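Now for the letters of each chain:
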Amino acid sequence: MDPTGAAPLGLRETKKRETRQLISDRATGLFIEQGFEHTTIAEIADAARVAKKTVTNYFPRKEDLALDHQEEFVVALAGTVDAREPGEAPLSALRRAFLAAVAAQDPVAGFAGPAFTRMIADSPTLTSCLRGLHDRREDALAEALARATAASPEDITPRTAAALLGGVHRVLFTRIQELTLAGRTNPEIAELLGQEAPRAFDLLAPALAEYGRG
């Protein structure tokens, strides 16, 4: 019995998850070794010992193989706002959550390691895809802020606040990437971001310290 109370996975679902993870792992290894642009779906299928169609069934786009936590990334900020403590401002909740992610050296926050980070930096396709994920994350955050403030669909305020909050997260994500590529270790980066991130969030306090607190 699962101590969480969740129903155990059936054999078929377990096998599907194992296959998906195997394909993702083999693809990542090839991307790092050969570069994203130079790796084919056929090579990934051969490495995972599955058919090409199996690869595309699990991962419709090649980018999905490299950036395997896209939805988690996109909904992270909105989820933090939705789950914040009663009376807590979104700015405060997002700051707290980001600092916790830094302390945990969370890959979704940018702590992906030098090889993976270099793979993204060297690929125009993945760099563009990452920009799109930041945009989608900001859109999701704007929707969460609109819910939190009961804003009308025409109100520009949630979108403006999301742009500011999303912009800080984008800068800090990029900062982690830059430090990783400069040869800093994850513990070194976490220590530095623990000092830098509060200063970045403090810049938004005059405008957003009380926004959405109600």
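Provided above is the structure to which this section pertains.
First, a word on scope: everything that follows refers to the structure included in this document. (Residues numbered from 1 in each chain as written. Predicted model: local features only at pLDDT ≥ 70, side-chain atom pairs only at ≥ 80, totals over all residues. Heavy atoms only, no water.)

Considerations on the overall build of the chain
The following threshold applies: Here a strand is any run of E in DSSP of at least two residues, a helix any run of H or I of at least four, and the numbering for each starts at the N terminus. Exposed residues in this analysis have more than 50% of their type's maximum accessible area, buried residues have under 20%, and partly exposed residues fall in between, with area computed by a 1.4 Å probe over protein chains only.
Per the secondary structure count, the chain includes 11 helices and 0 strands. Ordered by position from the N terminus, the helices and strands of the chain form the series α-α-α-α-α-α-α-α-α-α-α. In terms of its C-alpha atoms, the chain occupies a principal-axis envelope of roughly 55 × 45 × 40 Å. A burial count over the chain gives 39% of its 214 residues as buried.

What to know about the pattern of salt bridges
This is how the line gets drawn: Whenever Lys or Arg places a side-chain nitrogen within 4 Å of a carboxyl oxygen from Asp or Glu, that contact is recorded as a salt bridge.
In the structure shown here, the tally under the stated rule is 13 salt bridges. For Arg-136, the salt bridge is made with Glu-71, and the minimal N-O distance between the two is 2.8 Å. Placement of Arg-136 in helix H8 (residues 124–149) and of Glu-71 in helix H5 (residues 70–82) is noted, with a sequence separation of 65 residues between them. The class for Glu-71 is partly exposed, based on a relative accessible area of 46%. Across the salt bridge formed by Arg-147 and Asp-82, the nearest N and O atoms sit 2.8 Å from each other.

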